[in-house]
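Coordinates in review
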Amino acid sequence: GGLGTMGFGVPSAVGAKIGAPDKMVVDIDGDGSFIMTACEMVTAAQYGVPIKVLLLNNDFQGMVKQWQDLFFDEKHSATRQFNPNFKALAESMHCASFRSDSYDTLEETMAAFLAEEDKPALAEFVVDKHEHCYPMVPAGKALHELVLGPDYADVAADGAALANPQ
């Protein structure tokens, strides 16, 4: 699917930041994945590990929903999320928090999020519930058979995208 393991982002970001304290570490996470290990933001705050979590919130377990959309005729089962207020959740865990739910606030929110250096930070970006995330690897396929998305006419035999998207 998404070439990653749900729930791995936050704890791996903590480890990456401890290993490279002078580097900015940003975990790009979906809401389904984040909710699995959100409590590790408390660990990051407690030990002064200023990671950043860029949260893409579509109120679904996005990759699972995407598979159901594309391969199971949009028959959805157990993918809709009943999410908390992520901004308030982050604040309750002693983290900086930001939220953007429109294109108009995107740039300002992103700048403030990236500028935070003193403590862990979470920035929630509300995204369209029907948008899919690519590339992805369909079930039973090899990495060279990945799907780049509907904007690409074809994929070359070696898996490289053709130069001209539709």
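Residues numbered from 1 in each chain as written. Predicted model: local features only at pLDDT ≥ 70, side-chain atom pairs only at ≥ 80, totals over all residues. Heavy atoms only, no water.

**Digging into the confidence of the model for the protein**
Residues of the protein with pLDDT of at least 70 account for 81%, and the chain-wide mean is 83. Between residues 153–166, whose pLDDT stays under 50, and residues either more than four places distant or in other chains, the model counts 16 contacts. (pLDDT = per-residue confidence, 0-100. Contact = heavy atoms within 4.5 Å.)

**A look at the pattern of salt bridges**
By the definition in use, this model includes three salt bridges. Across the pair Arg-99 and Glu-124 runs a salt bridge whose closest N-O atoms are separated by 3.1 Å. With Arg-99 in strand β3 (residues 96–100) and Glu-124 in strand β4 (residues 121–126), this pair connects stretches of sequence that are 25 residues apart. Residues joined by salt bridges that share partners form a network here, namely Arg-99, Asp-101 and Glu-124. (Salt bridge = Lys/Arg side-chain N within 4 Å of Asp/Glu carboxyl O. Helix = DSSP H or I, 4+ residues; strand = E, 2+ residues; numbered from the N terminus.)

**What about the sheet that holds strand β2 (residues 52–57)?**
What the four strands build is an open sheet, ordered β1-β2-β4-β3; its pairing is parallel. Looking at strand neighbours, the two that pair on one side only are β1 (26–30) and β3, the edges of this open sheet. Within the sheet, the average angular offset between the axes of one strand and its neighbour, ignoring direction, is 15 degrees. When β1 meets β2, the two strands line up parallel, connected through five bridges. Of the residues in β2, the one forming a bridge with Gly-30 is Leu-56. Strand contacts of helix α1 (residues 9–19): β1 and β2, with the helix running at about 180 degrees to β1, the strand carrying the most contacts. Along the sheet face, helix α6 (residues 103–115) touches β1, β2, β3 and β4 and points at about 165 degrees away from the line of β3. (Pairing = 2+ DSSP bridges. Axes fitted to C-alpha atoms, helices over the stretch in contact; angles between N-to-C directions.)

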